[in-house]
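Summary of structural features
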Amino acid sequence: MLKSKTFLKKTRAGGVMKIVREHYLRDDIGCGAPGCAACDGAHEGPVLEPQPLDPASSLCPRPHYLLPDTNVLLHQIDVLEDPAIRNVIVLQTVLQEVRNRSAPVYKRIRDVTNNQEKHFYTFTNEHHRETYVEQEQGENANDRNDRAIRVAAKWYNEHLKKISAENHLQVIFITNDKKNKEKAIEEGIPAFTCEEYVKSLTANPELIDRLACLSEEGNEIESGRIIFSEHLPLSKLQQGIKSGTYLQGTFRASRENYLEATVWVHGDTEDDKEIILQGLKNLNRAVHEDIVAVELLPKNQWVAPSSVVLHDEGQNEDDVEKEEERERILKTAANEKMLKPTGRVVGIIKRNWRPYCGMLSKSDIKESRRHLFTPADRRIPRIRIETRQASALEGRRIIVAIDGWPRNSRYPNGHFVKNLGDVGDKETETEVLLLEHDVPHQPFSQAVLSFLPKMPWSITEKDMKNREDLRHLCVCSVDPPGCTDIDDALHCRELENGNLEVGVHIADVSHFIRPGNALDQESARRGTTVYLCEKRIDMVPELLSSNLCSLRCNVDRLAFSCIWEMNHNAEILKVRFTKSAINSKASLTYAEAQMRIDSAAMNDEITTSLRGLNKLAKILKKRRIEKGALTLSSPEVRFHMDSETHDPIDLQTKELRETNSMVEEFMLLANISVAKKIHEEFSEHALLRKHPAPPPSNYEILVKAAKSKNLEIKTDTAKSLADSLDRADSPTFPYLNTLLRILATRCMMQAVYFCSGMDNDFHHYGLASPIYTHFTSPIRRYADIIVHRLLAVAIGADCTYPELTDKHKLADLCKNLNFRHKMAQYAQRASVAFHTQIPSLKIEDTVFHIFDKVKVKIMLDSSNLQHQKIRMSLVEPQIPGISISADTPNMDIDEPERKKKKREK
């Protein structure tokens, strides 16, 4: 059956255009219930259970399916995801509304519907002849959708009677909309609110904790005192932003001071980009990463960033007077010369809430169900939740979601989502840092895995199309010990004309990951492989990362090769790119490769190739540094893990050899060569990587640190910085130069991916290169996969596709990749911090010059399980009242831990 839908659309010229669309209605859409003769053969994928008796409901004793409306799906997704909730009918109307209103919830509900154990069934009611409804005259879209949901619920109940009247199988409509519920009951549809239904599940009382607190009434603190000013409606905010009365930006809370935040204004000039907010009322219920509208305060109310450290650790949430007293401390401690534009939040444009990890701060009031949750991220305010499991959740890492923040509540309201495990437990803490840094780490879905090649796999004649056979070349890989995801391999040989041929061969991951499929989408979402101390979160499934795309020795592998002809002075005479097939002759560690190069007894083909590569790499590096490239040291920690318990038993800083530098030089050269090629072919659509020059103010800490040791660091150009770092040596402090270089890395800007058609500045400051990209690690970086696809099109080895040459889509992709890379870096640092408990120390009223040597006694402070710290006490030099003796026993902070270990023994 064919229906026509008519829309009126306004044109740019101000006219009105009538649009007519065809809408097909069908009779063959299944209801999802097994045993339904009327729908037999119409079901695709997972279906509902025939006897849905679990969970048992005191309100609905008969077997039943659930049919939630849009708002239940949007706000109670944590309840729906619980294993106790099964047999849910998700209407097409509801799914479309959720998709338009919340992409994260839409993805979560799609994941649930793909989980066969949950028995969620998507019913396309908008194309079913008996459930489709047309919008009536004077009826708004929302009312029409509500009616469509009720029509589908009523149809289901009548339809299910046909299967088995004796079964008394029914569909329960779940809605929190009072009017919608009343209308449903009037029409004979069994209907309950989500809270009513969940509370009726007597066998699953823990589900009540997962209910979102949607109504702000009744959840407000007893005093009813208004603390915050009302948020302006979105329409007023938009008008104010347009007129310049308000400014729009991203709210960024301070880690060190819960009464201070900054707002980075979108699209503003560089000089006025940052606005300071101080005090609870000016923060006005904004949460870290929210998009907010701010009003600038008069200049006589401007403040300076405070140096005071304030953490919200009080238990009494009503003590607003104490907050006001703390705010006065902020202002008195401010440096008058450092005043900055200051403002207040007048409204929220977009909430950026997510589930938060942390710990429960149990209420001091006996039998209380209301408790405060303290997030692990200090930038997030504490959250008030109601739970009956407080005793069981003490000392555990849990996840909590924010539901709302009333004007008369000191803290936002939220609900319990999940218990992760004991604080300090290795697996629990790893899960926390992955969640807190938004690292996708769930197992790859069946939909993703379905696009992997079938095993056993071998190179076919079809695979060799547009590909050179280079399996005869003496190719080898050089990597860290234990590396299983080998991206790159190299070769060097002398040509008949006396020149040298050098090849960098990179795993051809793009051969296995085709554009647009589920495997490609998941790889793009993950963006990068994340390396933690004891585990690796792969960007692509293990079959590719550690097998088919890993350039292991003595097996045929597909590659993308960058091959240069060079003279013996490392000057490039020719360069060509080709897809290839290779067979690596050796998989070496850096130490093994170095041993071959240094051994006078070894002169085989692999060793000769390595010596040629090493000689050329030294010339390339020297030339690069002469151009102003920076050589900055960053301490990389490698953990030695116990093979059975996976506990860290030793750690060392990464030792760098000549072979590390050798591999690095050719990877850099390949990335630069490929960047030039793809930009020549796709001037508007090349995915490149740039590294902006830091502003002079970034270098202040480095310059001051060097000056404390009577050394001068010049920062006017990358070349002068590199040269002055080379000269910054101290005969009595050999490690000083390394420390200064480590400090210099902290002064740098973040390198970022960008689309060439959306930017003018391509320069890579750190490498002193006018153009650069990432081509050499496609197993662990999605950016490299896109670069491979661009290069393949440029050399005629593959075909293009629309998204590849859409600069706006490429810019969006770069935005996600930059975010994922930054979060991966932070997660890696957090993992190292967890395994090493990185120390920090401040001694009051005593001046220590930077880099001065001290002797300290180190102790673990476990008094706050969520934020365990390393405490250090000064031993040498001796300062009266501060220093301790080396023989002083450990402080009382260790006592609980010692007693616990004693009991375990």
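Residues numbered from 1 in each chain as written. Predicted model: local features only at pLDDT ≥ 70, side-chain atom pairs only at ≥ 80, totals over all residues. Heavy atoms only, no water.

Quick notes on the pattern of salt bridges
Within this structure, the stated rule accounts for 50 salt bridges. Arg789 is paired through a salt bridge with Asp520; the nearest N and O atoms lie 2.9 Å apart. Within this pair, whereas Arg789 is found in helix α22 (residues 782-794), its partner Asp520 is found in helix α14 (residues 518-526), the two being separated by 269 residues in sequence. Grouping residues by exposure puts Arg789 and Asp520 together as buried. One network of salt bridges, with partners in common, ties together Arg255, Arg354, Asp377, Arg379 and Glu436. (Salt bridge = Lys/Arg side-chain N within 4 Å of Asp/Glu carboxyl O. Helix = DSSP H or I, 4+ residues; strand = E, 2+ residues; numbered from the N terminus. Buried < 20%, exposed > 50% of the residue type's maximum accessible area, 1.4 Å probe, protein only.)

Focus on the packing of aromatic side chains
Counted by the stated rule, this structure contains 8 aromatic pairs. Taking the centre distance of 5.2 Å and the plane angle of 80° together, the rings of Trp155 and Tyr156 count as edge-to-face. The pair Trp155 / Tyr156 is uniform in exposure class, with both members buried. Linked through ring pairs, Phe123, Trp155 and Tyr156 together constitute an aromatic cluster. The ring of Phe444 carries the charged tip of Arg526 above its face, separated from the ring centre by 3.9 Å. The ring of Tyr753 is capped by Arg689, whose NZ or CZ atom sits 4.5 Å from the centre of that ring. (Phe/Tyr/Trp six-rings, centres within 6.5 Å; stacked < 30°, edge-to-face > 60°. Lys NZ or Arg CZ within 6 Å of the ring centre and 35° of its normal.)

Topic: the nonpolar core
In this structure, Leu544, Trp564, Leu610, Phe666, Leu687, Phe775 and Ile786 are the most contacted members of the largest nonpolar core, which totals 90 residues. Core analysis: the next-biggest nonpolar cluster, separate from the first, contains 54 residues, Ile29, Leu95, Phe123 and Leu207 among them. (Core = buried A, V, L, I, M, F, W, Y, C linked by side-chain atoms within 4.5 Å.)

Topic: helix α16 (residues 590-598)
Turning to α16, its buried residues are Tyr590, Ala593, Gln594, Arg596 and Ile597. On an axial view of α16, the arc spanned by its buried residues comes to 160°, and they lie on one face. Opposite its buried face, α16 presents the exposed residues Met595 and Asp598, each directed more than 90 degrees away. On its buried side, α16 packs onto β19 (476-479), β26 (586-589), α17 (605-626) and α18 (658-681). (Arc of directions from axis to C-beta. Contact = heavy atoms within 4.5 Å.)

What to know about the packing of α18 against α22
The geometry of α18 relative to α22 is characterised by a closest axis approach of 9 Å and an angle of 60° between their N-to-C directions. Classified by the interaxial angle, the pair formed by α18 and α22 is oblique. In this structure, α18 meets α22 at a crossing whose hand is left-handed. Mapping the contact onto sequence places Val674, Lys677, Ile678 and Glu681 in α18 and Val787, Leu790, Leu791 and Ala794 in α22. For the contact of α18 with α22, the residue count by class is 6 nonpolar, no polar and 2 charged. (Axes fitted to C-alpha atoms, helices over the stretch in contact; angles between N-to-C directions. Parallel < 35°, antiparallel > 145°, perpendicular 65-115°, else oblique. Left-handed = near helix turned anticlockwise from the far one by under 90°. Nonpolar A, V, L, I, M, F, W, Y, C, P; charged D, E, K, R; others polar.)

Thoughts on helix α19 (residues 700-707)
Looking only at α19, the buried set comprises Leu702, Ala705 and Ala706. The buried side chains of α19 occupy one side of the element, clustering within an arc of 95° when seen end-on. Within α19, the exposed residues directed more than 90 degrees away from the buried face are Lys704 and Lys707. Looking at the buried residues of α19, the elements they touch are α20 (718-727) and α21 (736-747).

Things to note about the pairing of strand β9 (residues 260-265)
By the criterion of burial, β9 is predominantly enclosed, with 5 of the 6 residues buried. Bridging between strand β8 (residues 247-253) and β9 involves 5 bridges; their strand directions are antiparallel. Residue pairing in the sheet places Gly249 in a bridge with Val265 of β9. Inspection of the sheet shows β9 paired to strand β10 (residues 274-278) by 5 bridges, in the antiparallel sense. Bridge pairing in β10 links Glu260 to Gln278. (Pairing = 2+ DSSP bridges.)

A word on the pairing of strand β25 (residues 572-583)
The pairing of strand β18 (residues 468-469) with β25 spans 2 bridges and is parallel. Bridging from a neighbouring strand, Asp469 pairs with Ala581 of β25. Alignment of strand β24 (residues 556-566) against β25, held across 11 bridges, turns out to be antiparallel. In the strand pairing of β25, Asp556 is matched with Asn583. Hairpin remark: β24 followed by β25, antiparallel, with 5 residues in the connecting loop; positive phi at Ala570, about 60°.

Details of the sheet that holds strand β12 (residues 343-350)
An order of β10-β9-β8-β11-β12 is seen for the 5 strands of this open sheet, with the pairing classed as antiparallel. This sheet does not close on itself; its edge strands, each paired only once, are β10 and β12. Between one strand and the next, the sheet's axes are offset by a mean angle of 40°, whatever the strand orientation. Pairing analysis gives 4 bridges linking β8 to strand β11 (residues 291-296), with the strands arranged antiparallel. If you follow Leu247 over to β11, its bridge partner there is Val294.

A short note on the confidence of the model for the protein chain
Of the residues in the protein chain, 84% reach a pLDDT of 70 or more, and the chain-wide mean stands at 85. Within the model, the stretch residues 216-223 combines pLDDT values under 50 with 18 contacts to residues more than four positions away or in other chains. In the predicted structure, residues 891-905 sits below a pLDDT of 50 and forms 12 contacts with residues beyond four places in sequence or in another chain. (pLDDT = per-residue confidence, 0-100.)

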